[in-house]
Amino acid sequence: MRVISTVRELAAEWDTGRLAGSVIGYVPTMGALHEGHLSLVDLAREQCDLVICSIFVNPLQFGPDEDFESYSRPVERDLKLLEARGTSVAFLPDWVEIFPRRERTLQDFGSHVSVPRLSHQLCGRTRAGHFDGMVTESLLFLNLVRPDRTYWGEKDFQQLRIIETLVQDLRLPVRVVRGVTRREEDGLAMSSRNMNLSPDARAVAPRLHQVLLESRSRLLDGDALSAVLAAARDTLTERGFEIEYLVAGEEESLTEVRTLDSRVPTRLFAAARLDGVRLIDNLRVTEVAP
Ligand code: AMP
């Protein structure tokens, strides 16, 4: 595995890959890697000849009170994991390589893209500007890496839909490939932030996924959506979760729905804080083929 940190080295990798006729796959991450990230690397390796993984904690997507400075950066460990999974190139630029004027916020940066229709609901309600910062930096990295395929996890389903929409609307020459959510044995969706959970909170955290599973089975039994969601919120609140949202939404538009239509792919989406740590999860509830 080559470990590189400059845009110039990245361009040389691309030239060599293209000359060899390689299909180039790209997995963007913010590091603190776990099996969720690594499953995307596995998928890229199955489908591509050259697999580039970036690790970059994007300042533009963190709000002023969010954990940008304290976000975990275990670089040596991450590189070992990437190497063991057969990554071809690890791209670890520093902040100034990407943002030469040390831009910290979208307001500091000259240009931005936005996918407004999908960015204001769900997580966008409480994390103002988060998705504009995410999608602007993602477009910048797609322009630098110039992959044939790029790999994104369903764990962050809203983010995935925003990237898919950006690529479709602006006709970016890249294919977006979805990876399913990887979970701990007890069902908790893997996340770099899980390590911030106290032992007590870690023991309770899998309830989020369990409640989504229970809700799905009640919905498939024909129970009314509003009653199922209300019960799910109560259960989580009793367990100490501070719920940000727990709703059903269309997969395509993320629009919240009041009743289920089996012909429309729909998911339950949840975000909640437990012991100060923000957890998100989602689960498909209609039986439509993917
Ligand atoms: P992050 O480092 O959190 O920005 O995530 C980088 C990529 O890994 C994104 O496409 C995420 O959706 C994906 N990812 C994070 N957690 C998981 C998970 N548990 N299962 C699958 N993909 C994940």
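Read on for an overview of the structure. Treat the numbers as computed from the prediction; the structure is a model and nothing was measured. (Residues numbered from 1 in each chain as written. Predicted model: local features only at pLDDT ≥ 70, side-chain atom pairs only at ≥ 80, totals over all residues. Heavy atoms only, no water.)

1. As for the environment of Ser5
Turning to its location among the elements, Ser5 is positioned in the loop between strand 1 (2-4) and helix 1 (7-19). Spatially, the C-alpha atom of Ser5 lies 9.4 Å from that of Ser54, the residues being 49 residues apart in sequence. (Helix = DSSP H or I, 4+ residues; strand = E, 2+ residues; numbered from the N terminus.)

2. What about the site of the ligand?
Neighbouring the ligand are 16 residues; Met30, His37, Asp156, Arg182 and Met190 lie closest to it. Residue Gly153 places a main-chain N or O atom 3.0 Å away from an oxygen atom belonging to the ligand. Within the backbone of Met190, one N or O atom sits 2.9 Å away from a nitrogen atom of the ligand. Starting from 490 Å² of accessible surface for the ligand in isolation, the protein chains cover 92%. In terms of residues, the shell around the ligand owes the most to one element, helix 2 (residues 35-47), which gives 3 residues. Considered class by class, the residues forming the shell around the ligand number 6 nonpolar, 7 polar and 3 charged. (Near = heavy atom within 4 Å. Polar contact = N/O pair within 3.5 Å; in protein donor to acceptor, adjacent residues only side chain to side chain. Areas by Shrake-Rupley, 256 points an atom, 1.4 Å probe, with all protein chains shown as cover. Nonpolar A, V, L, I, M, F, W, Y, C, P; charged D, E, K, R; others polar.)

3. Quick notes on the layout of surface pockets
To find the voids left in a structure, one rolls a probe of water-molecule size over its atoms. Within this model, the largest pocket holds a volume of roughly 280 Å³. Lining the largest pocket are 17 residues, with Ile55, Phe56, Val57, Arg73 and Pro93 positioned closest to its centre. Sorting the residues of the lining of the largest pocket by element identifies strand 1 and helix 3 (75-84) as the ones contributing at least two each. A total of 3 residues in the lining of the largest pocket trace back to one element, the largest contributor, which is helix 3. Residue composition of the lining of the largest pocket, by class: 13 nonpolar, 1 polar and 3 charged. (1 Å grid on protein atoms, 1.4 Å probe; cavity = no way out; pocket = protein on both sides within 12 Å on 5 of 7 lines; lining within 4 Å. Points joined across faces, edges and corners; volume = space filled by probe spheres on them.)

Worth remembering: the numbers are spatial, not functional.
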